[in-house]
Amino acid sequence: MDICYAIIMDILQKVDGSRKCSGIYYILTGKKTSQSLSDSQWFEIEQYYASLKGLTLDDFNSIIDELYMDELINLKEDNVFFVTKKGVEFLGEIKGRYLFIEKLNGLKYASIEHKCWQVITLFVQSLSNSLYNNFDFSPVIRDREAAEKVKILFPRSEQQRKHIASYLYNELNTVLQKCDSEGAEIFVKKLSGYNRVGNTFEQSAREWGLTKIETVLRFRSVLHQIFKSIREQPGMYPVLSSLIGDFIVVPALTKSALQTYQLLQKEKDIQEIMKIRNLKLSTMEDHLVEIAREIPEFSIHPYISEEDKEKVILFYNKTKENKLRPIKEAFPHLTYLQIRLVLAKEGGKHAVGSGT
């Protein structure tokens, strides 16, 4: 069984019969709905969001059927499965092969990884060729936005180029030491340079004896580790930060929620935004929860008192309740929105999109 089976089984184990397979499929393929975004954090499976972007529904259902036939999962109710004891034991045996998955965070980074990689690989290729005085090469990336960014940041003098190359080597080396050896080598060999075109995923898969999907995921785990390192310590990675730092600081909001957030920044109230954007109340509330979850500086105090917030946090920490209704029953004077905002803001498990 390949990595797809391990990922799906791990999600099923963590969801523990609380979600239908359709919801799990949306998480795996990175569908940007309020439910899939919230569930990824609620069940602490952020690494799996958009992990299998190209997985077809037919292939997903085939994997579910195979796991069921092998008695690794069992049916709880219509389209809802749980991992059997046999499945738990099997998962424990194979998860050690895929420890690199913990470096992934598709929820935060899946939407930016392609643009960031384009800038990094084009900059490395350009820098490498310039050090050998070769300015007539075929760029591996022809994206206009990436090319413009590299052109603006590219060092002009030979001395500057040598310094930047040394700094960039050290920065990448520092990050790669935190990654698994296969992922690090796949990443390095995918870079192009002087008289060298980077590997395709197919070439790296053959070299390491991996499936293409696992090869891609190992590569993406390295990218995500780079993003995380820059986000946490930008001063340690000045060259990488200059190349892709502005992509990383952008909030991981859906396009619609971002538009709502921009209006909130202009001090528009909820009713005004709903009118301007023609939003339903439920959609507006989903946006507020998404913003609370993703924007550290966004305050929820206009929507709930500090006292009530602390009560909800205390109740959650005691019960670890992953459904909203029991919390609502404990605090009937609070709305579902208020509860969802508190859970979203506090991190860890986060607010689902309904009161069930």
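Reading the values: the criteria
Residues numbered from 1 in each chain as written. Predicted model: local features only at pLDDT ≥ 70, side-chain atom pairs only at ≥ 80, totals over all residues. Heavy atoms only, no water. Helix = DSSP H or I, 4+ residues; strand = E, 2+ residues; numbered from the N terminus. Patch = residues over 30% accessible without salt bridge, like charges linked within 9 Å, V, L, I, M, F, W, Y side chains within 5 Å. Areas by Shrake-Rupley, 256 points an atom, 1.4 Å probe, with all protein chains shown as cover. Salt bridge = Lys/Arg side-chain N within 4 Å of Asp/Glu carboxyl O. 1 Å grid on protein atoms, 1.4 Å probe; cavity = no way out; pocket = protein on both sides within 12 Å on 5 of 7 lines; lining within 4 Å. Points joined across faces, edges and corners; volume = space filled by probe spheres on them. Nonpolar A, V, L, I, M, F, W, Y, C, P; charged D, E, K, R; others polar.

1. Some thoughts on unusual backbone geometry
Link 1 in the chain: With a phi close to 55°, glutamate 44 is a non-glycine residue in the positive phi region.
Link 2 in the chain: Secondary-structure assignment places glutamate 44 in the loop between α3 (34–42) and α4 (57–69).
Link 3 in the chain: Residue alanine 50 is not a glycine yet carries a positive backbone phi of 60°.

2. With respect to a nonpolar patch on the surface
Link 1 in the chain: A cluster of nonpolar side chains, namely Tyr68, Met69 and Leu75, defines an oily patch on the protein surface of about 330 Å² accessible area.
Link 2 in the chain: Positionally, methionine 69 belongs in helix α4.

3. Concerning the layout of surface pockets
Link 1 in the chain: Each pocket or cavity is described by its volume, and for the largest pocket that value is around 370 Å³.
Link 2 in the chain: Taken together, 15 residues line the largest pocket, and the ones lying closest to its centre are Val124, Tyr169, Leu172, Val188 and Leu191.
Link 3 in the chain: Contributing elements (two or more residues each) for the lining of the largest pocket: α7 (113–131) and α9 (158–176).
Link 4 in the chain: The biggest single contributor to the lining of the largest pocket is α9, with 6 residues.
Link 5 in the chain: Taken together, the residues of the lining of the largest pocket sort by class into 10 nonpolar, 4 polar and 1 charged.
Link 6 in the chain: Considered as a void within the structure, the second largest pocket measures approximately 300 Å³ in volume.

4. As for empty space enclosed by the protein
Link 1 in the chain: Counting across every chain of the model gives 1 cavity of 30 Å³ or more.
Link 2 in the chain: Within this model, the largest cavity holds a volume of roughly 30 Å³.
Link 3 in the chain: Elements with a contribution of two residues or more to the lining of the largest cavity: α7 and α8 (144–153).
Link 4 in the chain: Here the lining of the largest cavity gets 3 residues from one element, more than from any other, and that element is α7.

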